Amino acid sequence: MEKRYYQPEIETASYEQIRAWQNERLVKQVKHVWENVPYYRKKMEAKGVTPDDIKGVDDLHKLPFLTKDDLREAYPYGLMGKPLADCVRIQSTSGTTGKRVVAFYTQHDIDLWEDCCARAIVAVGGTNEDVCHVSYGYGLFTGGPGLNGGSHKAGCLTLPMSSGNTERQLQFMTDLGSTILCCTPSYAAYLAESIKERGIKDQIKLKAGIFGAEAWSEEMRRDIERELGIRAYDIYGLTEISGPGVSFECQEQTGMHINEDHFIAEIIDPETGEVLPEGSKGELVFSCITKEAFPLLRYRTRDICVLTRKPCSCGRTHVKMSKPMGRSDDMLIIRGVNVFPSQIETVLIEQGYQANYQIIVDRVNNSDTFEVMVEMTPENFSDSLAKIAEMEKKLVAALKAMLGIAAKVKLVAPKTIARSEGKAVRVVDKRKI
Amino acid sequence: MIYQISVFLENRAGQLAEVTGLLAENNVNLRAISIAETTDYGVLRVIVDDAERASSILLGQGNVMSMTPVSVVEVPDRPAGLADVLEILSEKEIDIEYMYSILGNGGEKAYMVFRASDEAKFEAAIKGAGLALATKADLGLK
């Protein structure tokens, strides 16, 4: 493939140049946050750090961390770096106990985010000759809006399909000749299967796919590539930091380049918080150095991965991260949606069930299955099957409202949920990723 | 008042045997049994000779259960015996949630357990039609 870049002068800049940008932007950002985000300023003061102590990336480790708990505590406006009047967008994702994470964007923030997504699209070969088919959800979820904006900037003809309605997806894909598909890997696998079933593979013009928002294996990549006759690329991001495009894969397909002119990445020991050297496996931490409205510094992603600066054949110089290998908390990503066991607990208690449950996640035909085993309680029991079914339906609806995705509920007898060493096993993840 | 015991059952092998075994061990006599089920779980409904004792045994073993008052109707033991009763209930627009048969106390009568959505209306209709409601003694219950 021909080497193409959306912003070549940035994407192939020397390490020294990237470092110089980072030093300058970090110093400026710390000052901005100190002056505009009292919540973080207090954390800095508690650590005895002032903006004067931060002279560049080498001093980054002196700054306090931010976690999802901070986002919950500061909800909704506590971490904003700009007045609401300067903001133009809100995106959102699940929080730990039902309170959602909301992120704010100025027009400048949206521009930079869309640039990052455009880099990802151009990296997989996207040009103004392409039809970019975006099947991520549009709405509060960052997937649709992010890739949509990136596709515009890359000059592609953009198909804002959003998720679901497979029949319509396939019709547009065949009639309008989609060439680049953006969605979750499990939905890509599902579309591949639907195409096979209908025997319409010869009408599909796809050449590349950008698949993110959930974990997927190399085996799944090969399956999708073979079934759709495309190259499948990974993309990474999180709402707190901006959305998809924090990092993305190039044609080498050996890790995702982090957009280091906007985000400084560190790997830390999740237990001690100590910064680990390049090549170590640990928790990924991001500092946003160009964002205005939601300028998080040292945000702990809870994703476990490895960074490498080995030169890449694509010519990009930005550091590469491996696929996340796990989490340092109990968050699950199911069908691209963040799910915390504590959210399920909240719903169960509200609905009069015991907080004794087990989540069973599996991947069947490349698609996530999600079951919640719930112990029956005397309060929810009835001699009438119809009444039990009604309670069950109410629980399913409440879970959907809280989590944003549907779970299958399985009612079981009390004290049947497996316990190990007296402690209940809350999550059984059978997916092999 | 005749009480039915309902027990939550998971749909897996051996669940029913566990409950009936527990009652057998404690010398509780089953007089009627009915099961309603979905693919994942079921509700076992039983009438036993000693409902109080059976319920404390079941609860003691951690079962989820409930006790519900039910009406037991003496149904003429002849062709169309039940059909006639149901016809009366249908005319009065009384909704039956479920029903099942129960053993009498050695006599030649037939008995049916009814659970109506409106028990008072149900009882009035049965009595109005000249039908009898069974007593505990009729059914050999304590």
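Residues numbered from 1 in each chain as written. Chains lettered and ligands numbered in written order. Predicted model: local features only at pLDDT ≥ 70, side-chain atom pairs only at ≥ 80, totals over all residues. Heavy atoms only, no water.

## Thoughts on the overall build of chain A
Consideration 1: Scanning chain A from terminus to terminus reveals 11 helices and 22 strands.
Consideration 2: A compact globule built from 433 residues would reach a C-alpha radius of gyration of about 22 Å, and chain A, at 22 Å, matches this within 12%.
Consideration 3: A principal-axis box enclosing the C-alpha atoms of chain A has dimensions of 70 × 60 × 45 Å.
Consideration 4: Counting every position in chain A, which comprises 433 residues, the buried fraction comes to 58%.
Consideration 5: The long-range fraction of contacts in chain A, counting pairs at least 24 apart against all pairs at least 6 apart in sequence, stands at 66%.
Consideration 6: Carbon and sulfur atoms make up 51% of the accessible area of chain A, which amounts to about 17800 Å² in all.
Consideration 7: Counting 56 positive and 60 negative side-chain charges, chain A places the averaged centre of each group 2 Å from the other. (Helix = DSSP H or I, 4+ residues; strand = E, 2+ residues; numbered from the N terminus. Rg over C-alpha atoms; globule rule 2.2 N^0.38 Å. Buried < 20%, exposed > 50% of the residue type's maximum accessible area, 1.4 Å probe, protein only. Contact = heavy atoms within 4.5 Å. Areas by Shrake-Rupley, 256 points an atom, 1.4 Å probe, with all protein chains shown as cover. Lys, Arg positive; Asp, Glu negative; His and termini not counted. Charge placed at Lys NZ, Arg CZ, Asp CG, Glu CD.)

## Some points on the nonpolar core
Residues and elements named next belong to chain A.
Consideration 1: Judged by nonpolar contacts, the single largest core of 70 residues is most densely connected at L63, L79, L284 and F286.
Consideration 2: Per-element accounting of this core gives the leading share, nine residues, to helix α5 (residues 107-123).
Consideration 3: Filtering out sequence-adjacent residues up to four positions away, L63 remains in contact with V30, Y40, M44, K47, V49, I54, L297 and R298.
Consideration 4: I334, L348, L403 and A413 belong to the second-largest nonpolar core, a separate cluster that totals 32 residues. (Core = buried A, V, L, I, M, F, W, Y, C linked by side-chain atoms within 4.5 Å.)

## Focus on the interface of chain B and chain A
Consideration 1: Listed as interface residues are 22 residues of chain B and, on the opposing side, 20 residues of chain A.
Consideration 2: With both chains or domains summed, chain B and chain A bury close to 1500 Å², and 61% of this area falls on carbon and sulfur atoms.
Consideration 3: Sorting the residues of chain B by area buried against chain A places F8, Y41 and V64 of chain B first, and these three jointly supply 39% of that buried surface.
Consideration 4: Seen at the junction of chain B and chain A, the total is two salt bridges. (Buried area = accessible area lost by both parts, 1.4 Å probe. Salt bridge = Lys/Arg side-chain N within 4 Å of Asp/Glu carboxyl O.)

## A look at the pairing of strand β19 (residues 408-412) of chain A
Consideration 1: Taken together, the five bridges between strand β18 (residues 367-375) of chain A and β19 of chain A define a ladder with parallel strand orientation. Across the sheet, the residue bridging to V374 of chain A is L411 of chain A, located in β19 of chain A. (Pairing = 2+ DSSP bridges.)

## Some details on the domain arrangement of chain B
Residue and element names in this part refer to chain B.
Consideration 1: Partitioning chain B into domains gives domain 1 (2-68) and domain 2 (70-139).
Consideration 2: The straight-line distance from the C-alpha centre of domain 1 to that of domain 2 is 23 Å.
Consideration 3: Between domain 1 and domain 2, the residue contacts involve 10 residues of the former and 15 residues of the latter.
Consideration 4: In total, domain 1 and domain 2 occlude about 1100 Å² of area from one another, counting both sides; carbon and sulfur atoms represent 59% of this.
Consideration 5: There are zero salt bridges connecting domain 1 and domain 2. (Domains from an automatic or database assignment.)

## With respect to the sheet that holds strand β22 (residues 427-429) of chain A
All names here are of chain A.
Consideration 1: The strand order across the open sheet built from four strands is β19-β18-β17-β22, with neighbouring strands paired in mixed fashion. The strands lining the two open edges of the sheet, one partner per strand, are β19 and β22. This sheet shows a mean twist of 20 degrees between the axes of neighbouring strands, independent of strand direction.
Consideration 2: With three bridges joining them, strand β17 (residues 357-364) and β22 adopt parallel strand pairing. Considered in β22, the bridge of I359 is made with V427.
Consideration 3: Set on the sheet, helix α10 (residues 341-350) makes contact with β17, β18 and β22; between it and β17 the angle comes to about 130 degrees. (Axes fitted to C-alpha atoms, helices over the stretch in contact; angles between N-to-C directions.)

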